[in-house]
Amino acid sequence: MNESSPIRRETAREVRTADPVPTAPVRRRRKFGRWMLALLILGGAGAVAHRTYDARQKPAEETAQAPGPGGHGRGGRPAEMKQAVGIAPVVAGDMPVVLQGLGTVTPLATVSIRSQISGYLTKIGFREGQMVKEGDFLAQIDPRPYEALLAQYQGQLARDQALLQNSKLDLQRYQTLNRQDSISKQNVDTQAALVKQNEGTVAADQALVDQQKLNLTYARIVSPVEGRVGLRQVDLGNYITAGSTNIVVVTQLRPISVVFVLPEDDVARVMRRVREGAKLTVRAFDRSDQHEIATGRLDTVDNQIDTTTGTVKLRAMFENEDETLFPNQFVNARLTVETIRNAPLVPNAAILRGTPGTYVYLMDGDEKVTVRPIKTGETDGVNTVVLSGLQPGDRVVTDGTDRLREGAPVRVVGQATSPQATSPQATGPAAGAPGATLPATPAAGAPADTGSTQSGQERRGRRRPAQ
């Protein structure tokens, strides 16, 4: 078709134009609408949450504004609930200063019985586990070989003694002839030398005789110490070799000692008391450190400190009449160095540690408490000596300190008896002692308490009967 051809409009396709692109104002209007919708939704959710919160808080405020044991709130404000607490008084008492260390029961004598001669074991004179005294018969070695040797040496001794006697008589004759000028001086000197020679032979023979007598003594074995006989280590009829065969072990049990260790920092205190001539008491407890076994006294202190452990060894003596201490037994030794007299004592349950340092809650009147920082000294596990901050007669809180703060109102629901210093025979915190259970951590607003260990369930269980 050329340009001059007529165009057929009825068959021509119409070109469809694209949609017009929205302008910038239209896009901004749509984005603004979406933000408004989101804000309306958030606002509605906030209004619903606020009404729900108000509905829940209103019954609690009505309960708090209701009159209770402490009276109405002042100025329309709810009254503060009083914390139920238990208290104990601070009293003056004696506090023993006790040093504790690990020890081992060590016998004063442990003897391994061995024969000093060789021979066959012909007799046993002890029973295993028997208590023997010094000099008691234990065993017998066959003495017949030594008896024969003794007879032989005794015969040699008799012969040499006769030769010596004869040489002495000849010397006397030579000396008489020499005075009469009937014999030369040389013969006299020779005879004198022969006498000296025979005297030496007799002395040697006498030594051999004494040696065989001693061997016969060794053939009969006796106990060198008093103690208990152990298990037999050789049977009857065996050949015993001198100095190498163990027959039995005898261990001394009464008295007996305990060797224990203390840190080098405590040496000066102990030595000061030793130089003063004090008889220091040592108590031995079992492995669990719960039951006292025996009571003795300090005997001596070692002369040097172990540089590898920084400890020093001490030996304590025990009579052990009932044989409660057994050799090589591990024990816990407690050395009572001194006793602090008439010191203010406070139960350990009342002592807290936090931001003020070491402190207690002190009763300020009958319905308030105050925080009182204190300095502590020696403790026995139940009570502690107060160096400063408290006086005998003060009352401290021992139970219910978890929600206390300075000036908090309280109500006393229980008062413990006066604390007493633990005696040297005490083994730990006594059952039912004041403050046997430590209080829990105080709430916000009170000094942090790092010494409380009681669970919340136990606290709720104690407060429920009081309410």
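The model shown is predicted, which means the values in this text are computed figures rather than measured ones. (Residues numbered from 1 in each chain as written. Predicted model: local features only at pLDDT ≥ 70, side-chain atom pairs only at ≥ 80, totals over all residues. Heavy atoms only, no water.)

1. Some remarks on the overall build of the protein
The cut-off we apply is this: In this text, helices come from DSSP runs of H or I with a minimum length of four residues, and strands from runs of E with a minimum of two, each type numbered from the N-terminal end. Partly exposed residues are those whose accessible area sits between 20% and 50% of the maximum for their type, while under 20% is buried and over 50% is exposed, using a 1.4 Å probe and protein chains only. A contact between two residues is defined here by any heavy atoms of the two lying within 4.5 Å. The Shrake-Rupley method, run with a 1.4 Å probe, gives the accessible areas here. Residue values count only the displayed protein chains as cover.
Secondary structure assignment for the protein yields five helices and 22 strands. Burial status across the protein gives 32% buried among its 467 residues. Contacts spanning at least 24 positions in sequence make up 75% of the contacts within the protein whose residues lie at least 6 apart. Per element, the accessible surface of the protein, about 29100 Å² overall, is 51% carbon and sulfur.

2. A short note on the environment of Gly155
Considering the arrangement of structural elements, one finds Gly155 in helix α2 (residues 144-179). As a C-alpha pair, Gly155 and Asp205 span 50 residues in sequence and 9.0 Å in three-dimensional space.

3. Description of the pattern of salt bridges
Our working definition: Whenever Lys or Arg places a side-chain nitrogen within 4 Å of a carboxyl oxygen from Asp or Glu, that contact is recorded as a salt bridge.
Here the structure, examined in full by the defined rule, presents 16 salt bridges. Where Arg341 meets Asp94, a salt bridge forms, and the shortest distance between an N and an O atom there is 3.0 Å. Pair noted here: Arg341 is in strand β15 (residues 330-347) and Asp94 is in strand β2 (residues 91-107), with a separation of 247 residues, a long-range link. Using a relative accessible area of 57% as the deciding quantity, one classes Arg341 as exposed. Of the charged contacts in the structure, one is a salt bridge between Asp366 and Arg395, with a shortest N-O distance of 3.1 Å.

4. Side note on the sheet that holds strand β9 (residues 239-240)
Backbone hydrogen bonds hold the strands of a sheet together, and the pairing may be parallel or antiparallel. For the record, the criterion: If DSSP finds at least two bridges between two strands, the strands pair. For helices, the fitted axis covers only the stretch in contact; all axes are lines through C-alpha atoms, and the angles between them, taken along N-to-C directions, range from 0 to 180 degrees.
Judged by pairing direction, the sheet is antiparallel, and its four strands sit side by side in the order β7-β6-β4-β9 without closing on themselves. The open sheet is flanked by β7 (220-222) and β9, the only strands paired with a single partner. Bridge count between strand β4 (residues 119-124) and strand β6 (residues 137-141): three bridges; the pairing is antiparallel. Paired with Lys123 across the bridge in β6 is Gln140. Strand contacts of helix α3 (residues 185-219): β6 and β7, with the helix running at about 55° to β7, the strand carrying the most contacts.

5. What about the nonpolar core?
Our working rule: To qualify as a nonpolar core, a set must consist of buried Ala, Val, Leu, Ile, Met, Phe, Trp, Tyr and Cys residues joined through side-chain atoms within 4.5 Å.
Grouped together as the largest cluster of nonpolar side chains are 24 residues, with contacts concentrated most on Phe260, Val270, Leu298, Leu314, Phe318, Leu325 and Leu335. Breaking this core down by element, the ones donating at least two residues are β2, β11 (256-263), α4 (267-275), β12 (281-285), β13 (292-301), β14 (311-318) and β15. Those residues in contact with Leu335, other than ones at most four positions away along the chain, are Val97, Val98, Leu99, Leu262, Val270, Leu280, Thr281, Val282, Leu298 and Leu314. One finds Leu121, Val229, Val234 and Ile240 within the second-largest nonpolar core, a separate group that totals 19 residues.

6. Remarks on α3
Put simply, the rule reads: Take the residue count of a helix, subtract one, and multiply by 1.5 Å to get its expected span.
Look at α3: 52 Å from first C-alpha to last across 35 residues, which is about the 51 Å you get at 1.5 Å a residue. Taken together, the buried positions of α3 are occupied by Val188, Gln191, Val195, Asn198, Val202, Asp205, Val209, Gln212, Asn215 and Ala219. Where α3 is buried, its residues meet β6, α2 and β7.

7. Side note on a nonpolar patch on the surface
Going by this rule: Patches draw on residues past 30% relative accessible area with no salt bridge. Two like charges within 9 Å are joined, as are two nonpolar side chains (Val, Leu, Ile, Met, Phe, Trp, Tyr) within 5 Å.
Taken together, the side chains of Phe32, Met36, Leu39 and Leu42 define a hydrophobic patch exposed on the protein surface, amounting to about 440 Å² of accessible area. Owing to a relative accessible area of 60%, Leu42 belongs among the exposed residues under this scheme.

8. Some thoughts on the packing of aromatic side chains
Geometrically, a pair of aromatic rings is defined through the distance of the ring centres and the angle of the planes. Applicable threshold: In summary, the pairing rule links any two rings of Phe, Tyr or Trp, Trp by its six-membered ring, whose centres are within 6.5 Å, and it sorts them by plane angle into stacked for under 30 degrees, edge-to-face for over 60 and tilted for everything else.
With the rule as written, the count across this model stands at two aromatic pairs. Aromatic pair Tyr120 and Tyr239: ring centres 5.1 Å apart, planes at 75°, arrangement edge-to-face. With Tyr120 in strand β4 and Tyr239 in strand β9, the pair connects residues that are 119 residues apart, well separated along the chain. Ring plane angle 85° and centroid distance 5.8 Å describe the contact between Tyr359 and Tyr361, whose orientation is recorded as edge-to-face. On the basis of relative accessible area, Tyr359 is assigned to the buried category, the value being 0%.

9. Structural notes on the sheet that holds strand β10 (residues 246-251)
Pairing in this open sheet of four strands is antiparallel, and the strands run β3-β10-β8-β5 from one edge to the other. This sheet does not close on itself; its edge strands, each paired only once, are β3 (110-114) and β5 (131-132). Relative to strand β8 (residues 227-229), β5 runs antiparallel, the two being bridged by two bridges. Along β8, the bridge assignment pairs Val132 with Gly227.

Any functional reading would require information beyond the geometric quantities listed.
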